Each structure stands twice: as structure tokens, then as C-alpha cells.
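The primary structure of each chain is shown beneath.
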Amino acid sequence: MDMLIRLENVHTFYDGEKNSTLKGITLSIGAGEMVCVMGPNGAGKTTLLETINGILPSTGRVEVFGRDARRHGPEIRKDIGYMLQAKTFPEDTPYLVRDVVLMGRFGKIGMLRRPGRNDWNAARDAARFMEVDHLWDRPIGKLSGGQTQRVLLARLLAKNPRILLLDEPYSNLDCRAVEDVSRKICTLHTRNKLTTVMVIHDTAHVPDICDRILLLKDGRLIGDAHPDVMLPSRTFRDAFAEA
Ligand SMILES: Nc1ncnc2c1ncn2[C@@H]1O[C@H](COP(=O)(O)OP(=O)(O)O)[C@@H](O)[C@H]1O
Ligand SMILES: [Mg+2]
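Residues numbered from 1 in each chain as written. Chains lettered and ligands numbered in written order. Predicted model: local features only at pLDDT ≥ 70, side-chain atom pairs only at ≥ 80, totals over all residues. Heavy atoms only, no water.

Caption draft 1: Focus on the pairing of strand E1 (residues 3–12). In this sheet, strand E2 (residues 22–30) lies alongside E1 in antiparallel orientation, the contact comprising 7 bridges. If you follow Met3 over to E2, its bridge partner there is Gly30. (Pairing = 2+ DSSP bridges. Helix = DSSP H or I, 4+ residues; strand = E, 2+ residues; numbered from the N terminus.)

Caption draft 2: Fine view of the site of ligand 1. Surrounding ligand 1, one finds Tyr14, Glu17, Thr21, Pro40, Asn41, Gly42, Ala43, Gly44, Lys45, Thr46 and Thr47. Within the backbone of Gly42, one N or O atom sits 2.8 Å away from an oxygen atom of ligand 1. Between an oxygen atom of ligand 1 and a side-chain N or O atom of Thr47, the distance comes to 2.5 Å. Alone, ligand 1 offers 560 Å² of accessible surface; in the complex the protein occludes 58% of this. (Near = heavy atom within 4 Å. Polar contact = N/O pair within 3.5 Å; in protein donor to acceptor, adjacent residues only side chain to side chain. Areas by Shrake-Rupley, 256 points an atom, 1.4 Å probe, with all protein chains shown as cover.)

Caption draft 3: Just the coordination of the magnesium ion (ligand 2), in detail. Note on the magnesium ion (ligand 2): its protein donors are Thr46 (OG1) and Gln85 (OE1). The metal-donor distances range over 2.0 to 2.4 Å. Of the two residues, Thr46 is situated in helix H1 (residues 45–52) and Gln85 in the loop between strand E6 (80–83) and helix H3 (97–103); the sequence distance between them amounts to 39 residues. (Donors = N, O, S within 2.8 Å, 3.2 Å for Na, K, Ca; no water.)

Caption draft 4: Focus on the side chain of Thr195. Within the fold, Thr195 resides in strand E8 (residues 195–199). Aside from chain neighbours lying at most four places away, what touches Thr195 is Leu4, Ile29, Gly30, Ala31, Gly32, Glu33, Arg162, Ile163, Leu164 and His189. (Contact = heavy atoms within 4.5 Å.)

Caption draft 5: View of unusual backbone geometry. Backbone geometry places Asn160, a non-glycine residue, at a positive phi of 55°. Turning to its location among the elements, Asn160 is positioned in the loop between helix H6 (145–158) and strand E7 (163–167). In this structure, Asp218 is a non-glycine residue whose phi angle is positive, near 50°. As for its placement among the helices and strands, Asp218 is situated in the loop between strand E9 (212–217) and strand E10 (220–225).

Caption draft 6: View of the pairing of E10. Inspection of the sheet shows E9 paired to E10 by 5 bridges, in the antiparallel sense. Paired with Lys217 across the two strands is Arg220, which belongs to E10. Taken together, E9 and the strand that follows it, E10, pair antiparallel across an intervening segment of 2 residues, in which Asp218 is found at a positive phi of about 50°.

Caption draft 7: Looking closely at the packing of helix H5 (residues 117–129) against H6. Orientation of H5 relative to H6, taken along the N-to-C sense of each, is 135°, at an axis distance of 8 Å. Viewed along their axes, H5 and H6 adopt a mutual orientation that is oblique. Like other packed secondary-structure pairs, H5 and H6 cross with a definite hand, here right-handed. The residues of H6 that touch H5, namely those facing Ala122, Ala123, Ala126, Ala127 and Phe129, are Ala154, Leu157 and Ala158. Of the residues that constitute the contact of H5 with H6, the class distribution is 8 nonpolar, no polar and no charged. (Axes fitted to C-alpha atoms, helices over the stretch in contact; angles between N-to-C directions. Parallel < 35°, antiparallel > 145°, perpendicular 65-115°, else oblique. Left-handed = near helix turned anticlockwise from the far one by under 90°. Nonpolar A, V, L, I, M, F, W, Y, C, P; charged D, E, K, R; others polar.)

Caption draft 8: Quick peek at the pattern of salt bridges. Applying the stated criterion across every chain yields a total of 13 salt bridges. Ionic pairing is found between Glu63 and Arg61, a salt bridge with its closest N-O pair at 2.6 Å. For Glu63, a relative accessible area of 18% puts it in the buried group. Its salt-bridge partner being Arg98, residue Asp137 comes within 2.9 Å of it at the nearest N-O pair. Here the residue Asp137 occupies a position in the loop between H5 and H6, and Arg98 occupies one in helix H3, the gap between them amounting to 39 residues. Connected via shared salt-bridge partners are Glu8, Arg61 and Glu63. (Salt bridge = Lys/Arg side-chain N within 4 Å of Asp/Glu carboxyl O. Buried < 20%, exposed > 50% of the residue type's maximum accessible area, 1.4 Å probe, protein only.)

Caption draft 9: Representation of the sheet that holds strand E5 (residues 67–68). Strand order in this open sheet of 4 strands is E2-E1-E4-E5, and the pairing throughout is antiparallel. Since the sheet does not close on itself, it has two edges, and those belong to E2 and E5, each with one partner. H1 contacts E1, E2 and strand E4 (58–64) of the sheet and is inclined by roughly 120° relative to E1.

Caption draft 10: Spotlight on H6. Spanning 14 residues, H6 covers 20 Å between terminal C-alpha atoms, matching the ideal 20 Å at 1.5 Å per step. In terms of residue burial, H6 counts as a mostly covered element, since 12 of its 14 residues are buried. If you check which residues of H6 are buried, you get Gly146, Gln147, Thr148, Gln149, Arg150, Val151, Leu152, Leu153, Ala154, Leu156, Leu157 and Ala158. Downstream of H6 by a residue or two, Asn160 has a phi angle that is positive, lying close to 55°. (Expected span 1.5 Å × (residues − 1).)

Caption draft 11: Region of the structure containing the environment of Ser144. Tracing the backbone shows Ser144 in the loop between H5 and H6. For the pair Ser144 and Thr88, spaced 56 residues apart in the sequence, the C-alpha separation amounts to 9.8 Å.

Set out below in C-alpha cells:
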């Protein structure tokens, strides 16, 4: 299998902190894999996504698409769709849905050019796929949680990435919205042959097509297995028990 993401003995540091937050992480993720990252609060799940995205200082090797993620960050990030944890927009945010989806194209458009017909078409297609095209002219701050997540996914899709990094895409969603957003993510992953790394906190949200669960605790990778093996395991249960 072609390994798109490779970490070797990675320690990630936050500014001003003496100890590393990620502690000696080694893992590889192959092209086409759907990987879920789980672990208690503060385990380092978000830090892991940001390390893969090449935006935090770390030691060890971090390779994405076979290139050093810290040296080639900007080029690598053109092919990564990263969705931040719990993104909500204040009601008076001065952007319409179409502006937000079009932002997915900015890396492709470049700083000094204006969006062209291609960019608008890609944004429109992405909105249609995520079934938010009827919200096109609505202010982003006036949407429900599920609608907002679908718009943010449309923005990622408009970018046409090869890797999706999704940080708790199901938080703040009711059950129906979870099912709906989950189906969209899985269809997108499969249809576009993406490699997806998704942080989730609820075992009920592990999608059927998930290949592996990475289990983090205290900055360490303490488990890496198929959900059928991981979820019933003692390691998994103990990871969430109070210390
Ligand atoms: N900007 C930061 N500066 C210093 N420490 C941070 C920063 N962000 C997160 N941390 C710490 O790093 C650890 C891992 O955080 P995080 O990756 O956000 O965990 P998770 O996403 O698993 O809840 C936590 O102890 C957190 O307090
Ligand atoms: Mg987090």
C-alpha cells in the first residue's frame, strides 16, 4: 500500500512548554484508508492532526505525500482538507454560504487573482454534493449545526483534497444530523478515493467503513487496530477510565 502519511518517533511541542505533548508517535496511514482517532480529553488528538498538517513544531519524521511536512507545509496543505474542532459562526458573521464554500478554492486561486468560472463551478458542485446548494445565499451564522457542518464539508470538497483531517465533525449535532453528515463523509471518502483521518469521541460514530482506530492517551499511541478488535478490548475501556 502507498503510505501517504508517515510519522516516526514524533514528539510535538507547544510554544513555551517544557515537555512534548505527543510522545514518540510512530504510525503510517495508507492511501484510501479511513482512520478514526480516539482517546480521552487532552490525549493529543487535535495535536496529532495539526502535526500531520505540518503546523506545529515537532522532532522525529513527519512525512505526508512522501515529503517532510514541516519543510513543505504550504505545498502539502494544498492537498489536505482540514476541518477544525467545533467551528461555529456567530449569528452576524458577514459571509453567505457561497462565500464560505468558495473559500475552499483560495489556495488554488492564489492571492492576487479573482475567482473564475472554474472556481465558482467547483464551489457549486461541492455545495450540491453536500446538499446545501439551496442555502447558497443564506448567511452562514443562521444555519443549524448540521447545515453548518455540511457547508464546511462542501468547502473542503471544493478544494479537491487528497487527505481529509476532520476534528470531531459530529460534535454539536443531533442524532439525525450525525447520521446525515456521517453518510456524506463516507460517500465523499469512497467516491473521491480519499485518505481520511477523523477524530471522534463516541463509539457510536465509528463509521462502518472505518479501517483502523488509533487510540491515544497522554500523548502516546497506545492502540492501533480494526474497530472490531479495538472497541471491545480492555485497552480501549481502560483508556477512558479515570486515572
Ligand atoms: N496551544 C497550546 N499550548 C499548550 N498546550 C496545549 C495547547 N493546545 C493543547 N495543549 C495541551 O496539549 C494536550 C493535548 O491537547 P489536544 O491535542 O487538544 O487534546 P485532545 O484533542 O485529545 O482533547 C492537552 O494537555 C492540552 O492542554
Ligand atoms: Mg481536540
